There are 2 protein chains.
Amino acid sequence: MSVALHETRRRQLTDRQVEAIDLLIHATEAEVDETGYDGLSVRGVARRAGVAPATAYTYFSSKDHLLAELLWRRVRGVGETVVDPSGSTADRLGAAVADLGEITSGSPAVVAACTQALLSSHGDVKALREHIGVDIRRRLAAAAGSDRDRRIVDVLVTTYFGALLSAGMGHMAYVDVPEFVVAAARLMSSDA
Amino acid sequence: MSVALHETRRRQLTDRQVEAIDLLIHATEAEVDETGYDGLSVRGVARRAGVAPATAYTYFSSKDHLLAELLWRRVRGVGETVVDPSGSTADRLGAAVADLGEITSGSPAVVAACTQALLSSHGDVKALREHIGVDIRRRLAAAAGSDRDRRIVDVLVTTYFGALLSAGMGHMAYVDVPEFVVAAARLMSSDA
DNA sequence: CCTCAAACTGGACAAGTGTCTGGACTATAG
DNA sequence: CTATAGTCCAGACACTTGTCCAGTTTGAGG
């Protein structure tokens, strides 16, 4: 029996289980793209993935958990930004934020559902949210480089999540989020 | 029959109905302070307010609607910030943001529940969210004054909501939100 | 091939949410 | 005072969500 360590559960999972989880995540993406957040249900995802509802519930405790895991995979999938030391702080932060745009590319319905799910108070979602927050902050901090700009990174992370929220509410397009955050970075970097 | 125009419904309401609605909102505040967002229910609020559940549902379609209305009333209750033309942009924005701190004063549990409710996709909540967003933006824009700083106001509004989100997730205390946004304003205003 | 423990299944289940309805109540108009 | 339109109430209702369980299937090890 070959096994693999996986983040969704704190146990070793067989290849088959890993595959079932992947199936569920992909089914989630397809399903939410058609039905939207409100129309999504764990049962619907399980049906699409060809898995029994009870099985889906052993891996994911709610639809929010499914969506949060989907988003977390997207965040992890973003490549590390190459820092160019010759550029200005704003340039470097801009490059990092532009790379983060990969997360919010694709179907807006899917992105909106994921970000909405991330606000859940369920324990499983909280943990994934923490991972995502830490990861994004790490990327921006690496791009900023010096400790002198930590304050700017703090504000920028907050602005980034605020912009995602704003996009989720339809006040901004997801494609415009990176640009907006870059503009904020320039406003804060005097060495532009 | 005396009547009053009220925002919760698009109809004229009797005094008695206005009072019932006030009772429900106050009961919501007390209830959520004890039980938190997850423990809150329309039925529980109705019981505390001494109103039948069905009646409560005629005025508010969900617990999110109750909480959003509560927050909207708080926002409306904040006095208009007096703009001091002699101060810097950052100073004026700072004064406005400090006044907005009134919204998030009081029980953090209540504030957290309200902000969480505001993320609901229900139509009733959406409308209130819109009102709140417009009102806060108007206050900051008035404080900024010149059109030159419109960009800064855009970022600041986004940062403000991002900070509220951050506080809701426990990464920041609600009392520190104004200070954080003021710091952001200073970072963006070169005429500090 | 056989054993057995683990995982999957599908259906039942309790809890919670929002809606609906018939009857009681209230206040305005005649 | 009576008629009547509108509101409120209490309970029933359909629906969804997450949990649980007994039976079946799966697959690694002997």
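Residues numbered from 1 in each chain as written. Chains lettered and ligands numbered in written order. Predicted model: local features only at pLDDT ≥ 70, side-chain atom pairs only at ≥ 80, totals over all residues.

1. Side note on the overall build of chain A
Then step 1. Tallying secondary structure elements over chain A gives nine helices and two strands in all.
Then step 2. The N-to-C order of helical and strand elements in chain A reads β-β-α-α-α-α-α-α-α-α-α.
Then step 3. By the compact-globule yardstick of 16 Å for 192 residues, chain A fits well, its C-alpha radius of gyration being 18 Å.
Then step 4. Long-range pairs, those at least 24 residues apart, make up 63% of the contacts in chain A between residues at least 6 apart in sequence. (Helix = DSSP H or I, 4+ residues; strand = E, 2+ residues; numbered from the N terminus. Rg over C-alpha atoms; globule rule 2.2 N^0.38 Å. Contact = placed C-beta atoms within 7 Å.)

2. A short note on the environment of E34 of chain A
All names here are of chain A.
Then step 1. Considering the arrangement of structural elements, one finds E34 in helix α1 (residues 15-39).
Then step 2. Assessed through the 12 C-beta atoms surrounding it within 10 Å, E34 is described here as exposed.
Then step 3. Here the alpha-carbon distance between E34 and A173, two residues 139 residues apart in the chain, equals 19 Å. (Buried ≥ 20, exposed ≤ 12 C-beta atoms within 10 Å, placed from the backbone.)

3. Looking at the interface of chain A and chain B
Then step 1. Each partner contributes residues to the interface: chain A has 22 residues there, and chain B has 22 residues.
Then step 2. Listing elements by their share of the side of chain A that touches chain B, those giving two or more residues are α1, α8 (150-168) and α9 (177-188) of chain A.
Then step 3. Looking at the side of chain A that touches chain B, its residues break down into 12 nonpolar, seven polar and three charged. (Nonpolar A, V, L, I, M, F, W, Y, C, P; charged D, E, K, R; others polar.)

4. Thoughts on the confidence of the model for chain A
Then step 1. Taken over all residues, the pLDDT of chain A has a mean of 90, while the share at 70 or more is 92%.
Then step 2. Contacts for the low-pLDDT stretch residues 1-10 of chain A, under 50 throughout, to residues beyond four places or in other chains number 15 contacts. (pLDDT = per-residue confidence, 0-100.)

5. Observations regarding the packing of helix α5 (residues 89-100) of chain B against helix α9 (residues 177-188) of chain B
Residue and element names in this part refer to chain B.
Then step 1. The contact between α5 and α9 brings their axes to 9 Å, and the two run at 165°. Here α9 runs roughly antiparallel to α5, going by the angle between their axes. Between α5 and α9 the crossing geometry is right-handed. Contacts between α5 and α9 involve A90, L93, G94, V97, A98 and L100 on the former and, on the latter, P178, V181, V182, A185 and R186. (Axes fitted to C-alpha atoms, helices over the stretch in contact; angles between N-to-C directions. Parallel < 35°, antiparallel > 145°, perpendicular 65-115°, else oblique. Left-handed = near helix turned anticlockwise from the far one by under 90°.)

6. Describing helix α5 (residues 89-100) of chain A
Residues and elements named next belong to chain A.
Then step 1. Here α5 contains 12 residues, and its C-alpha end-to-end distance of 17 Å stays within 8% of the 16 Å for a straight helix at 1.5 Å per residue.
Then step 2. Within α5, burial applies to T89, A90, R92, L93, G94, A96, V97 and L100.
Then step 3. Next to the buried residues of α5 lie α7 (123-144), α8 and α9. (Expected span 1.5 Å × (residues − 1).)

7. A few points about α8 of chain A
Residue and element names in this part refer to chain A.
Then step 1. A rise of 1.5 Å per residue sets the reference length of α8, with its 19 residues, at 27 Å; its end C-alpha atoms lie 27 Å apart and thus fit the reference within 8%.
Then step 2. Of all 19 residues that make up α8, 17 are buried, and the element is covered over most of its length.
Then step 3. Phi turns positive, to about 85°, at G170, one or two residues after α8.

8. Here we look at the relation of the copies chain A and chain B
Each copy of the chain is related to the other by a rotation around an axis and a translation along that axis.
Then step 1. Superposition of chain A onto chain B requires a rotation of 180° combined with a translation of 0.0 Å along the rotation axis, giving an RMSD of 0.0 Å. Taken together, the rotation angle and the small translation identify this as a two-fold axis. No C-alpha of chain A lies nearer the rotation axis than that of G162 of chain A, which sits 1.9 Å from it.
Then step 2. Take the interface residues of chain A: 100% of them recur as interface residues in chain B, which is what a same-surface contact looks like. (Least-squares fit on C-alpha atoms with pLDDT ≥ 70 in both.)

9. Brief notes about the packing of α1 of chain A against helix α2 (residues 42-49) of chain A
A pair of packed helices can be characterised by two numbers: the angle between their axes and the separation between those axes.
Residue and element names in this part refer to chain A.
Then step 1. Remark: α1 packs on α2, axes separated minimally by 8 Å, with the N-to-C direction vectors making an angle of 115°. Judged by the angle between their axes, α1 and α2 are roughly perpendicular. Here α1 runs over α2; the crossing is right-handed. Residues L23, L24, A27, T28, A30 and E31 of α1 touch α2, and the partners they reach there are G44, V45, R48 and A49.

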